[in-house]
Amino acid sequence: MSRKARAVDIPAIGELDRRGGQLSLQLARALKNAIHKGELKSGDLLPSTRVLAKALSLARGTVLEAFEQLVAEGFLESRHGSGTRVAYAPESPAPMVKTSRSAPLPLSAQAQAFARVGEQLKTLAPKPFAVSVPVGDTAPGDVWRRLGNRIRARGAGAPSGYADPQGARALREAICEYVRKSRSVRCTPDEVIITSGNQHGLYLTLQILLEAGDSLWMEEPGYPGATSLFETMFRDRTMVKVAVDDEGLDVELGKKLAPHARAAFVTPSHQYPLGMPLSMSRRAALLEWAQANQAWIIEDDYDSEMRYAGHPFPALQGLGPENVIYLGTFSKILFPSLRLGYAVVPKQLVSAFCGARILMDRQPPGADQHVLASFISEGHLDRHLRKMRGVYAEKRRVLMAAVEQYISPDVAWLQPCDQGMHMVLWLRPGLDDHQVVGQAMQAGISVRAVSHMFTPGRQRSGILLGLGGYGDEEIARAVQRLNEVLCSSPSG
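Residues numbered from 1 in each chain as written. Predicted model: local features only at pLDDT ≥ 70, side-chain atom pairs only at ≥ 80, totals over all residues. Heavy atoms only, no water.

In the nomenclature of an unreviewed UniProt entry, the protein chain is known as HTH-type transcriptional regulatory protein gabR of Cedecea lapagei. Listed under Sequence similarities (unreviewed entry) in UniProt, the entry text for the protein chain is "In the C-terminal section; belongs to the class-I pyridoxal-phosphate-dependent aminotransferase family." (UniProt positions renumbered as here; feature names shortened; annotations may be inferred.)

This is how it looks when you write it as structure tokens:
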């Protein structure tokens, strides 16, 4: 049985001139005004004449007379048992105040920088090769829904008041056990901070670790979410781009460029965007530099779960927990809308993280934390990851075979990589990857450009191909369309 439609709130009718008389005419005029301004829309159910009369301190007959006038003019319609509704409202409400046309207000440099980030990192349309689109076969929907229904209905998962800014204890315990077993991370639940994802964790970390004038090593090419964050929010600090090679971050180069940097941001398990892990010798060198210089290492354990050959290296944090802030997220391995991640921090930083968290958004949302804690502790996450690895390994194989079949190596070629949820397709010299991105979008393909992840003057042209979300035949057809785009793109 459908519910009865709820009447709209009484519109802003304004003060009626009680001395001027003709109150019904004044009320009718005020209601027409509300319709023309868009405050009342076609189909809106008005309050009953009794309710409106009481609210405006009018006789009910006065309101009835106004309604009857508006029904006669076609603005309202009244049906027995259904109440009175707005019958007509203009599609484009009249402006409340007419103003002369003027130039738009100038934007600050900060606003312009954020606008560029918004364009660069906006969510891709859900089409083939969009990075981080979950594969339907691996979605944890049914299990997650059952846990959610059970936990949100009662106990700790039910809505409540303010909670610990560090996050729910149950989830911190579950994460602590999970990263200990899967990533060799050394921590206690008291050293885990629940975040709203990696980006949130990185922002908190940079706010806490760096002061004006400090410098930080950043991988080149590097994750644009990190570089853009630094460029927009930390302009009084220096970002030093350190090149990566087949072994990951070039530590010796970093020491030459900025030997006394305060911190280094790295993706050692799966370098973003290229995919190689940081070699053991480079890990040792990075930790040695950090310990000798009392510097911090910010470890983004990006895509560490998705390795398709051999065993992944253990987390860098396990080798030097006193110097490492370890960031992880569940957005990509479960679903992006979850917005739950974590930071594992040395004990001396816990209070600082809690203080920064309180000032930013007080605490993470409660119910999903308890659902996720049960999802991990009851073994669902381990089973989910095993399934994901199998599905993504197959998607990777299909993509590589399609690129080999349909795209000439003279036009584009894949970066070798044995883990992760995306691959880099390098483009031949002269192809503008940003132009290719626009043309690919018109062809029904969602890709991201790589060149802006480099320092100007050192760019390489390439695009990111996400592995998730689409069937084998769709991937093959999308690669064929991408080849058409590449072959039709003008050379620079």
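Here the narrative resumes.
Asker: Go over the overall build of the protein chain, please, and point to the residues and values.
Answerer: A count of helices and strands for the protein chain gives 15 helices and 14 strands. Relative to its length of 492 residues, the protein chain is extended, with a C-alpha radius of gyration of 29 Å against a globular reference of 23 Å. By residue count, 50% of the 492 residues in the protein chain fall in the buried class. When contacts within the protein chain are restricted to residue pairs at least 6 apart in sequence, those whose partners lie at least 24 apart make up 75%. One finds the centroid of the 57 positive side-chain charges in the protein chain at a distance of 7 Å from the centroid of its 50 negative side-chain charges. (Helix = DSSP H or I, 4+ residues; strand = E, 2+ residues; numbered from the N terminus. Rg over C-alpha atoms; globule rule 2.2 N^0.38 Å. Buried < 20%, exposed > 50% of the residue type's maximum accessible area, 1.4 Å probe, protein only. Contact = heavy atoms within 4.5 Å. Lys, Arg positive; Asp, Glu negative; His and termini not counted. Charge placed at Lys NZ, Arg CZ, Asp CG, Glu CD.)

Asker: Describe helix 8 (residues 224-233), and please don't skip the residues or the numbers.
Answerer: Burial within helix 8 is extensive, with eight of its 10 residues counted as buried. Three or more residues of helix 8 are buried, namely Pro224, Gly225, Ala226, Thr227, Ser228, Leu229, Phe230 and Thr232. The secondary structure elements touched by the buried residues of helix 8 are helix 4 (109-120), helix 7 (198-209), strand 4 (215-220), strand 5 (238-245) and strand 7 (263-266).

Asker: Give me the lowdown on the state of the cysteines, citing residues and values where you can.
Answerer: Following the criterion strictly, the structure yields zero disulfides and no others. The cysteine Cys187 is free of any disulfide, with Cys176 supplying the nearest cysteine sulfur at 3.4 Å. (Disulfide = S-S within 2.5 Å.)

Asker: Tell me about the domain arrangement of the protein chain, and please be specific about residues and values.
Answerer: By the assigned domains, the protein chain splits into domain 1 (23-86), domain 2 (140-378) and domain 3 (387-488). The straight-line distance from the C-alpha centre of domain 1 to that of domain 2 is 57 Å. (Domains from an automatic or database assignment.)

Asker: How would you summarise the sheet that holds strand 12 (residues 422-427) if you had to cite specific residues and measurements?
Answerer: One open sheet accounts for four strands, arranged 11-12-14-13; its pairing is antiparallel. Edge positions in the sheet fall to strand 11 (412-414) and strand 13 (448-449), since each of these pairs with one other strand and no more. Bridge count between strand 12 and strand 14 (residues 462-466): five bridges; the pairing is antiparallel. Bridge pairing in strand 14 places Met423 opposite Leu465. Across the sheet, helix 15 (residues 472-488) touches strand 11, strand 12 and strand 14, and the angle it forms with strand 12 is around 25 degrees. (Pairing = 2+ DSSP bridges. Axes fitted to C-alpha atoms, helices over the stretch in contact; angles between N-to-C directions.)

Asker: Outline the packing of helix 6 (residues 169-183) against helix 12 (residues 366-377), listing residues and values.
Answerer: Here helix 6 crosses helix 12 at 35 degrees, and the two axes come no closer than 8 Å. As for the relative orientation of helix 6 and helix 12, their crossing is left-handed in sense. Counted together, Ala170, Leu171, Ala174, Ile175 and Tyr178 of helix 6 and Gln369, His370, Leu372, Ala373 and Ile376 of helix 12 form the full contact between these two elements. Taken together, the residues of the contact of helix 6 with helix 12 sort by class into eight nonpolar, two polar and no charged. (Left-handed = near helix turned anticlockwise from the far one by under 90°. Nonpolar A, V, L, I, M, F, W, Y, C, P; charged D, E, K, R; others polar.)

Asker: Please provide a residue-by-residue account of the pairing of strand 3 (residues 192-195), values included.
Answerer: In summary, the side chains of a regular strand alternate between the two faces of the sheet. Residues Val192 and Ile194 point to one face of strand 3 and Ile193 and Thr195 to the other, with burial holding for every one of them. Relative to strand 10 (residues 341-344), strand 3 runs antiparallel, the two sharing four bridges. Paired with Ile193 across the bridge in strand 10 is Ala343.

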